[in-house]
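An overview of the molecular structure
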2 protein chains.
Amino acid sequence: MPRPLPSLNALHAFEAVARLGSVSQAANELHVTHGAVSRHIRALEEELGTPLFQRQGRGLALTPAGQRLRDASGAAFGQLREACDLLRVEQAHAPFVLGCPVSLLARWMIPRLERLMADLPDLDLHLRPQEAPFDEALGGLDAAVLAGEAPWPGGWRVQPLANERVGPVVSPSLAKELHLVRSRPQAVTRQALLHTVSRPQAWTRWAQSTGIAPAKLQLGQGYPHLYHLIEAAVAGRGMAIAPEPLVADDLASGRLVAPWGFQDTAAQWVLATPARATAERSNALATWLKNAFARSVAPTP
Amino acid sequence: MPRPLPSLNALHAFEAVARLGSVSQAANELHVTHGAVSRHIRALEEELGTPLFQRQGRGLALTPAGQRLRDASGAAFGQLREACDLLRVEQAHAPFVLGCPVSLLARWMIPRLERLMADLPDLDLHLRPQEAPFDEALGGLDAAVLAGEAPWPGGWRVQPLANERVGPVVSPSLAKELHLVRSRPQAVTRQALLHTVSRPQAWTRWAQSTGIAPAKLQLGQGYPHLYHLIEAAVAGRGMAIAPEPLVADDLASGRLVAPWGFQDTAAQWVLATPARATAERSNALATWLKNAFARSVAPTP
DNA sequence: TGGTATATGTGAGTTTTCCTGACAGGTGAT
DNA sequence: ATCACCTGTCAGGAAAACTCACATATACCA
């Protein structure tokens with residue numbers, strides 16, 4: 001059982017005074033007044049029961065005991081300084097690993113990546129595809145983008161980026177063929193709906209909030225992943241339901257149309273960061289992402 | 001210019017938690033509540049911008065960053081602990097070096113030394129003969145006995161031991177020859193007075209406070225040191241003036257007599273210790289010396 | 001499955017520490 | 001002597017740390 005150390009702040013003050021040979025300079029380095037340092041030294045001498053400096057008018061000289069303590073404390077605080085600096089520096093220079101769902105990655109993030117890296121050059125962004133059961137696998141990440149709803153699990157700082165908006169999308173040719181232009185949403189019931197096997201409830205939720213009886217929906221082909229679903233829609237294989245950002249570029253380029261726009265779900269796009277990491281870098285990223293999401297919103301037709 | 005360290009108390013808490021693998025045990029070792037330690041860890045993680053522990057419900061595990069910091073902080077705090085313990089231990093076991101004027105040493109301290117070392121066996125007392133221009137040469141001493149008057153110079157803790165009392169002494173045979181028994185102090189004017197060259201004012205001061213005109217005194221043989229002076233008196237070479245403790249044993253054994261007793265001077269016997277050293281050991285010594293001085297006072301005739 | 005024991009996290013309020021700002025004392029140079 | 005500079009000390013106020021109580025989460029056990 002280690003016996004109690006003297007006041008660490010006092011030891012720190014001593015280390016600075018011993019290294020610089022001056023109370024005033026030490027006070028300057030520690031950003032305190034010389035009075036504070038003087039008190040620390042006195043307290044330490046009393047605590048150790050031995051004088052550490054010989055006062056000689058204008059300056060100080062270490063006693064033999066003081067010299068031994070200087071050697072030890074100099075090394076000890078040097079080691080601490082070095083280790084802490086290293087952690088901080090490496091923290092600042094390490095690549096920022098961002099987890100991102102595959103579909104968002106492919107259809108939204110990658111197209112914007114060049115711009116992002118140009119706007120935030122210091123970030124050194126690394127993307128890692130990652131479907132998000134939240135607390136899983138977020139170890140080793142500096143942040144993750146995901147869609148979800150409160151309550152958020154503890155241990156994560158969650159910054160909202162945008163509401164998750166979803167809506168039916170279809171290729172322009174198919175839209176024309178099905179006479180969907182300027183039609184009413186009820187038209188969805190006239191066809192088999194493409195969906196993902198992992199989220200079959202997407203259509204029914206949309207139908208409910210649009211005022212369509214879910215029972216009237218006819219689910220058609222199921223795809224293993226949202227990414228495939230959207231590709232199928234682009235290829236004119238049917239009508240899909242998709243989060244807005246994932247089809248924003250296709251809508252803009254005319255490869256897809258969203259006959260009835262998009263509407264909010266209960267979920268939000270968020271940026272999740274470990275609660276204890278520096279907010280600085282992730283804040284910058286969150287701001288950028290928030291703006292980019294806002295720009296991906298199609299004007300409601 | 002070293003960049004600022006994180007809170008040292010937080011680092012200390014971290015070191016204990018990392019070493020013991022538990023917030024609670026660390027709190028126990030540091031004699032604080034677990035809440036305090038938990039806060040320290042959080043503060044440190046925020047300050048360094050990186051998580052140091054992975055929380056897994058009931059326990060903790062170090063992150064890679066935490067492991068590096070544990071290595072550094074463990075070594076650093078170990079070094080500090082060792083150095084401080086060493087200073088304290090060596091402080092407690094080192095010989096206690098006591099400076100003492102030669103005359104007091106020879107005529108008072110040495111005869112009592114055996115008793116002193118028996119009474120305070122832990123002190124490991126070393127005596128160093130030393131005439132006392134106070135702040136000189138008291139470096140390297142743990143304490144010094146000396147006679148002097150206020151104001152005392154700064155940097156020293158001064159513990160009073162006894163008033164300095166001085167009085168004329170003479171050998172019994174000479175006292176008889178000069179008919180000093182039951183005489184009045186004015187009788188000193190009838191003879192040449194032994195004195196020290198370093199303190200010729202001793203007689204005149206005594207005369208003044210006794211009510212004798214200093215002009216009437218006849219100074220006789222001068223001696224280089226109080227020690228010689230007293231030896232001369234013992235040898236019957238004349239009347240000397242001496243501090244009471246220095247002749248206490250000679251009075252008790254009958255080798256000297258003090259026809260008119262002793263009287264206070266403005267000075268005091270004191271024990272001076274460096275202001276910043278442990279009071280513990282010097283307090284014990286001071287108490288012992290105070291008692292011994294008190295026992296050296298001859299009952300006023 | 002719910003209960004218990006154990007551990008950590010968090011918040012309000014208080015204690016303790018630390019710091020500041022002003023002044024005193026002492027030294028060396030001009 | 002005077003000045004510039006440094007250290008020491010004190011009272012009062014700012015900041016940090018602590019405690020206590022409660023919340024939360026896990027493991028183990030009946």
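Residues numbered from 1 in each chain as written. Chains lettered and ligands numbered in written order. Predicted model: local features only at pLDDT ≥ 70, side-chain atom pairs only at ≥ 80, totals over all residues. Heavy atoms only, no water.

Section: the protein's contact with DNA strand C
Surveying the vicinity of DNA strand C reveals 21 residues, the closest of which are Thr-33 and His-40 of chain A together with Val-23, Ser-24 and Arg-55 of chain B. The sugar-phosphate share of atoms of DNA strand C within 4 Å of the protein amounts to 62%. Within the backbone of Val-23 of chain B, one N or O atom sits 2.8 Å away from a phosphate oxygen of DNA strand C. One of the side-chain nitrogen or oxygen atoms of Ser-24 of chain B is found 2.3 Å away from a phosphate oxygen of DNA strand C. The element contributing the most residues to the surface near DNA strand C is helix α3 (residues 34–48) of chain B, with 5 residues. (Near = heavy atom within 4 Å. Polar contact = N/O pair within 3.5 Å; in protein donor to acceptor, adjacent residues only side chain to side chain. Helix = DSSP H or I, 4+ residues; strand = E, 2+ residues; numbered from the N terminus.)

Examining the protein's contact with DNA strand D
Around DNA strand D sit 20 residues in total, of which Ser-24, His-34 and Arg-55 of chain A together with Thr-33 and His-40 of chain B are the nearest. Taken together, the sugar and phosphate atoms account for 66% of what DNA strand D places within 4 Å of the protein. Interatomic distance of 2.5 Å between a side-chain N/O atom of Ser-24 of chain A and a phosphate oxygen of DNA strand D. The side chain of Arg-55 of chain A places a nitrogen or oxygen atom 2.5 Å from a phosphate oxygen of DNA strand D. Counting only elements with at least two residues in the surface near DNA strand D, the list comes to α2 (23–30) and α3 (34–48) of chain A together with α3 of chain B. In terms of residue count, α3 of chain A provides more of the surface near DNA strand D than any other element does, 5 residues in total.

Topic: the packing of aromatic side chains
All names here are of chain A. By the definition in use, this model includes 10 aromatic pairs over all chains. Both rings, one in Trp-108 and one in Phe-293, keep their centres 4.4 Å apart while their planes meet at 15°; by these two values the pair is stacked. In this pair, Trp-108 sits in helix α5 (residues 102–119) while Phe-293 sits in helix α10 (residues 279–295), placing the two residues 185 residues apart along the sequence. By relative accessible area, Trp-108 is classed as buried at 0%. Taking relative accessible area as the criterion, Phe-293 reaches 3% and is therefore assigned buried. A ring pair is formed by Trp-203 and Trp-206, whose centres lie 5.7 Å apart and whose planes are at 85°; its orientation type is edge-to-face. Of this pair, Trp-203 and Trp-206 both sit in helix α7 (residues 201–210), separated by 3 residues, roughly a single helical turn. The exposure class assigned to Trp-203 is buried, which follows from its relative accessible area of 0%. Every member of this aromatic cluster is reached through a ring pair, and the members are Trp-108, Trp-269 and Phe-293. (Phe/Tyr/Trp six-rings, centres within 6.5 Å; stacked < 30°, edge-to-face > 60°. Buried < 20%, exposed > 50% of the residue type's maximum accessible area, 1.4 Å probe, protein only.)

A closer look at the sheet that holds strand β4 (residues 125–129) of chain B
All names here are of chain B. Strand order in this open sheet of 6 strands is β4-β3-β5-β10-β6-β9, and the pairing throughout is mixed. Of all strands in the sheet, those with a lone pairing partner are β4 and β9 (240–243), marking the two edges. Across the sheet, the mean angle from the axis of one strand to that of its neighbour is 25°, orientation sign disregarded. Relative to strand β10 (residues 263–274), strand β6 (residues 156–169) runs antiparallel, the two sharing 9 bridges. Within β10, the position partnered with Arg-165 by the bridge is Asp-264. (Pairing = 2+ DSSP bridges. Axes fitted to C-alpha atoms, helices over the stretch in contact; angles between N-to-C directions.)

Focus: the sheet that holds strand β4 (residues 125–129) of chain A
All names here are of chain A. Ordered by their spatial adjacency, 6 strands build an open sheet running β4-β3-β5-β10-β6-β9, and the pairing between neighbours is mixed. If you trace the sheet from one side to the other, it starts and ends with β4 and β9 (240–243), each paired once. Geometrically, the sheet is characterised by an average inter-axis angle of 25° between neighbouring strands, direction not taken into account. For strand β3 (residues 96–100) and β4, the ladder comprises 5 bridges, and the chain directions are parallel. Bridge assignment links Leu-98 to a residue of β4, and that residue is Leu-127. Packing of α5 onto the sheet brings it into contact with β3, β4, β5 (143–148) and β10 (263–274), and relative to β4 it is tilted by some 170°. Strands in contact with helix α9 (residues 244–253) are β6 (156–169), β9 and β10; relative to β9, the strand with the most contacts, it is inclined by about 105°. (Contact = heavy atoms within 4.5 Å.)

In short, shape yes, function no, at least from these values alone.
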